[in-house]
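Observations on the model geometry
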Amino acid sequence: MSLKSNRNSDMEEIKKLLDYQPSGLSDEEIENADSEMEYFFVNFPLHEARANLWELYKGWVHLEAESPEGEEIKHMLFFCNQMISFLNFSFIVTRQKPNT
């Protein structure tokens with residue numbers, strides 16, 4: 001099987017997995033995910049993206065303040081921290097990608 005055939009097969013599997021949930025991604029965006037990640041950081045520099053995510057978390061905590069669930073708050077804080085790590089790793093990947 002050729003490299004292009006493997007890539008097409010991989011992309012078909014990715015598209016199938018994305019179809020289970022609304023992804024809002026076009027075929028072109030899926031094919032050029034690296035460029036889309038770079039575009040994200042053009043719109044939201046890393047420090048701003050982390051700050052925005054933290055503001056979303058604080059807003060969620062504020063809305064949940066009337067009936068706080070310890071496990072739910074702990075889960076959301078963990079999720080927020082993991083998303084910040086994901087942003088950091090995504091930023092690293094976009095910076096390490098050779099310019100083509």
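Look up a bit, the structure's there.
Let me sum up the structure you'll find in this document. (Residues numbered from 1 in each chain as written. Predicted model: local features only at pLDDT ≥ 70, side-chain atom pairs only at ≥ 80, totals over all residues. Heavy atoms only, no water.)

**Quick word on the packing of helix 4 (residues 46-64) against helix 5 (residues 70-96)**
A packed helix pair is summarised by two numbers, namely the angle formed by the two axes and the spacing between the axes. Two elements in contact, helix 4 and helix 5, have axes separated by 10 Å at closest approach and are oriented at 170°. In terms of axis orientation, helix 4 runs roughly antiparallel to helix 5. On the side of helix 4, the interface is formed by Leu46, Ala49, Arg50, Leu53, Trp54, Tyr57, Trp60 and Glu64, while helix 5 contributes Glu72, Ile73, Met76, Leu77, Cys80, Met83, Ile84, Leu87, Asn88 and Phe91. Here the residues of the contact of helix 4 with helix 5 sort into 14 nonpolar, one polar and three charged. (Axes fitted to C-alpha atoms, helices over the stretch in contact; angles between N-to-C directions. Helix = DSSP H or I, 4+ residues; strand = E, 2+ residues; numbered from the N terminus. Parallel < 35°, antiparallel > 145°, perpendicular 65-115°, else oblique. Contact = heavy atoms within 4.5 Å. Nonpolar A, V, L, I, M, F, W, Y, C, P; charged D, E, K, R; others polar.)

**Points about the environment of Glu36**
Locating Glu36 in the fold gives a position in helix 3 (residues 33-43). Among the residues examined, Glu36 registers a relative accessible area of 34% and is labelled partly exposed. Separated by 58 residues in sequence, Glu36 and Thr94 have C-alpha atoms that sit 9.6 Å apart. (Buried < 20%, exposed > 50% of the residue type's maximum accessible area, 1.4 Å probe, protein only.)

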